[in-house]
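# Reading the structure
Each chain, letter by letter, is given below.
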Amino acid sequence: MLAPAMAFFAFFGLVPLVGTLVLSFFDWNGLGTPAFSGLDNWTSVLQQSSMYHALWLTILMCIATFVVQFPLSLLIGVFMAGRQRYRAVLAVLYFLPLLFSATAIGIAFKNLLDPNFGLSNALHFGLLQQDWLGSPTLAFWVVIAVVSWCFIPFHSLLYQAGARQIPQSLYEAAQLDGAGRVRCFFSITLPQLKYTIVTSTTLMIVGTLTAFDLIYVMTNGGPGDATRILPVDMYLQGFKSNDMGVASVIAVILIVLGLTFSLVLNRLSGSDRMESQMEGM
């Protein structure tokens with residue numbers, strides 16, 4: 001029964017990964033015949049200070065997006081898990097970003113934040129009159145804000161589904177003991193959402209490690225290299241500099257980084273020993 005799924009995964013998942021690893025040992029411009037170069041590509045990448053700068057920006061973006069997305073998506077998801085009718089109406093507004101493509105969102109925010117034709121020029125509001133995407137310091141944090149805005153609704157859906165699976169009897173028993181909403185949240189909701197938090201956090205990190213289209217459309221990795229994280233650096237090396245070997249090395253580094261983060265999260269959380277938290281199981 002698993003054979004078709006495993007074959008599909010092997011063909012579209014494992015084969016490209018192996019191909020990328022093999023290509024990292026070749027010199028190829030994307031058009032001619034690849035020439036074996038041994039460890040030259042790896043030596044070149046590991047000696048570039050720009051690669052370590054991109055790696056640092058990638059790790060910093062993973063941490064920053066988690067700090068922004070986790071509390072907001074958790075609170076929104078738990079709030080939307082309620083049964084009141086007005087929450088269904090609000091859910092439509094919260095989940096609107098899921099309906100738009102990353103490219104469309106990037107173009108929209110790039111135009112809205114344009115210092116000459118965007119909101120700053122239209123509203124003449126002092127705080128908005130800044131070159132948001134032209135400043136190396138501001139651009140990085142603006143990208144984090146936009147990325148978080150895009151993906152908070154997705155993670156809110158995960159927490160909403162997880163919160164609705166929590167047995168109501170736990171809350172009823174806590175309320176009989178005099179526990180309020182805040183106490184119930186920290187003593188019941190958070191512990192019961194443990195594995196949902198692990199899953200959501202893993203997806204947040206993997207999503208940040210593969211974030212490319214939104215950042216490329218908004219800043220193209222700039223200004224300078226202020227937003228040139230590893231996925232953007234990989235694209236620019238492969239398709240702008242026509243060096244597929246170096247781009248493959250960066251891709252392998254990204255894969256190792258993602259796997260390392262995922263394994264560490266699973267180990268620390270104990271999610272590799274997941275047990276059911278449902279009643280009667």
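Further up the page is the structure itself.
Residues numbered from 1 in each chain as written. Predicted model: local features only at pLDDT ≥ 70, side-chain atom pairs only at ≥ 80, totals over all residues. Heavy atoms only, no water.

### Let's talk about the overall build of the protein chain
Along the protein chain, the regular secondary structure elements total 13 helices and 2 strands. Its C-alpha atoms give the protein chain principal-axis dimensions of about 70 × 60 × 30 Å. For the protein chain, the residues scored as buried account for 38% of the 281 residues in total. Look at the contacts in the protein chain between residues 6 or more apart in sequence, and 66% of them connect residues 24 or more apart. If you sum the accessible surface of the protein chain, you get close to 16,200 Å²; carbon and sulfur atoms cover 68% of it. Taken as two groups, the 12 positive and 13 negative side-chain charges of the protein chain have centres that lie 14 Å from each other. (Helix = DSSP H or I, 4+ residues; strand = E, 2+ residues; numbered from the N terminus. Buried < 20%, exposed > 50% of the residue type's maximum accessible area, 1.4 Å probe, protein only. Contact = heavy atoms within 4.5 Å. Areas by Shrake-Rupley, 256 points an atom, 1.4 Å probe, with all protein chains shown as cover. Lys, Arg positive; Asp, Glu negative; His and termini not counted. Charge placed at Lys NZ, Arg CZ, Asp CG, Glu CD.)

### Quick look at the packing of helix H12 (residues 230-240) against helix H13 (residues 244-269)
In the contact formed by H12 and H13, the axes pass within 7 Å of each other and the chain directions differ by 160°. Taken together, H12 and H13 sit at an angle that is classed as roughly antiparallel. Classified by chirality, the crossing of H13 by H12 is left-handed. Packed against H12, whose contacting residues are Leu-230, Pro-231, Asp-233, Met-234, Gln-237, Gly-238 and Phe-239, the element H13 presents Met-244, Val-246, Ala-247, Ile-250, Ala-251, Ile-253, Leu-254 and Leu-257 at the interface. Considered class by class, the residues forming the contact of H12 with H13 number 12 nonpolar, 2 polar and 1 charged. (Axes fitted to C-alpha atoms, helices over the stretch in contact; angles between N-to-C directions. Parallel < 35°, antiparallel > 145°, perpendicular 65-115°, else oblique. Left-handed = near helix turned anticlockwise from the far one by under 90°. Nonpolar A, V, L, I, M, F, W, Y, C, P; charged D, E, K, R; others polar.)

### Details of the packing of aromatic side chains
One pass over the structure, following the stated rule, counts 13 aromatic pairs. Ring geometry for Phe-212 and Tyr-216: centres 5.3 Å apart, planes at 25°, overall stacked. For Tyr-216, a relative accessible area of 21% gives the class partly exposed. Members of the aromatic cluster, each reached through a chain of ring pairs, are Phe-212, Tyr-216, Tyr-235 and Phe-239. (Phe/Tyr/Trp six-rings, centres within 6.5 Å; stacked < 30°, edge-to-face > 60°.)

### Overview of the side chain of Gln-160
When you line up the elements, Gln-160 lands in helix H7 (residues 136-164). For Gln-160, a relative accessible area of 11% corresponds to the buried category. Among the polar contacts made by the side chain of Gln-160, one reaches the main-chain carbonyl oxygen of Met-80 at a distance of 3.0 Å. With residues up to four places along the chain from it excluded, the contact list for Gln-160 reads Gly-77, Met-80, Ala-81 and Phe-95. (Polar contact = N/O pair within 3.5 Å; in protein donor to acceptor, adjacent residues only side chain to side chain.)

### Overview of the pattern of salt bridges
With the rule as written, the count across this model stands at 1 salt bridge. In this structure, Asp-233 engages Arg-228 in a salt bridge whose closest nitrogen and oxygen atoms are separated by 2.8 Å. Relative accessible area serves as the criterion here: at 2%, Asp-233 is assigned to the buried category. The class for Arg-228 is partly exposed, based on a relative accessible area of 26%. (Salt bridge = Lys/Arg side-chain N within 4 Å of Asp/Glu carboxyl O.)

### Some details on the nonpolar core
One finds Met-61, Val-142, Val-146, Leu-214, Ile-215, Met-218 and Ile-229 to be the most contacted residues of the largest nonpolar core, which totals 21 residues. Tallying contributions element by element places H7 first for this core, with 7 residues. In this structure Val-142 touches Leu-113, Trp-132, Leu-133 and Met-218, once residues within four positions along its chain are discounted. Of all hydrophobic cores here, the second largest spans 15 residues; its members include Trp-42, Val-249, Ile-250 and Val-252. (Core = buried A, V, L, I, M, F, W, Y, C linked by side-chain atoms within 4.5 Å.)

### Here's the deal with the environment of Cys-150
Checked against the element boundaries, Cys-150 lands in helix H7. Given a relative accessible area of 7%, Cys-150 falls into the buried group. When the C-alpha atoms of Cys-150 and Gln-69 are compared, they prove to be 9.8 Å apart, with 81 residues separating the residues in sequence.

### Regarding the state of the cysteines
Put plainly, a disulfide is one covalent bond tying together the sulfur atoms of two cysteines. Tallied over the entire structure, the rule returns 0 disulfides. The thiol of Cys-62 is unpaired, and the distance to the nearest cysteine sulfur, on Cys-150, comes to 16 Å. (Disulfide = S-S within 2.5 Å.)

### Quick look at the side chain of Ser-37
Summarising the element assignment, Ser-37 is placed in the loop between strand E2 (35-36) and helix H2 (40-46). When its relative accessible area of 15% is taken as the criterion, Ser-37 is described as buried. A polar contact of 3.5 Å, which involves the side chain of Ser-37, links it to the side chain of Asn-41.

All we've got here are geometric facts, nothing functional implied.
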